[in-house]
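# Architecture and fold: a report
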Amino acid sequence: MVNMEREKRLRHDFEQLFAEAQLYAIGAKLQPRSSTPSAMLEEAYKYVIENTFAKLNLLRPTPGDVLRELHSV
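Quick look at the structure, then. Within every chain, residues take consecutive numbers counted from 1 along the sequence as written. A pLDDT threshold of at least 70 governs which residues receive local features in this predicted model, and a stricter bar of 80 or more applies before side-chain atom pairs are shown or counted, although totals over entire chains, interfaces and linings include all residues. As a rule here, side-chain values come from all non-hydrogen atoms in the structure, and water together with hydrogens is ignored.

Once that is clear, we can look at the pattern of salt bridges. Every case where a carboxyl oxygen of Asp or Glu lies within 4 Å of a side-chain nitrogen of Lys or Arg is listed as a salt bridge. In total, this model carries two salt bridges according to the counting rule given. Of the charged contacts, one joins Glu7 and Arg11 as a salt bridge, the two residues approaching to 3.1 Å between their closest N and O atoms. One end of the pair is Glu7 and the other is Arg11, both in helix α1 (residues 2-20) and four residues apart, which spans about a single turn. Each residue is placed in one exposure class: buried if its accessible area under a 1.4 Å probe, protein chains only, is under 20% of its type's maximum, exposed if it is over 50%, and partly exposed if it falls in between. Looking at Arg11, the relative accessible area reads 48%, which means it is partly exposed. As a salt-bridge pair, Lys46 and Glu50 come within 4.0 Å of each other at their nearest N and O atoms. Of the two residues, Lys46 and Glu50 are both situated in helix α2 (residues 37-52); the distance of four residues between them amounts to about one turn of the helix. Looking at Lys46, the relative accessible area reads 52%, which means it is exposed. Secondary structure follows DSSP: runs of H or I at least 4 residues long count as helices, runs of E at least 2 residues long count as strands, and numbering of each begins at the N terminus.

Okay, structure coming up:
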């Protein structure tokens, strides 16, 4: 019982601290649109990927079995 309360308190404290933190990615300060730590990190990952790989939008998803496509190439 004590450990569950401690875990709940630690989780709450961590989420509160994370919400107050300043996030930076590739030297730019990010303004997160969400409040949960996992969503904030996902936004940061997305920002890094989109700003690192400029031609990423040229890739299209492959329909079907990826391994079969690789073997055929």
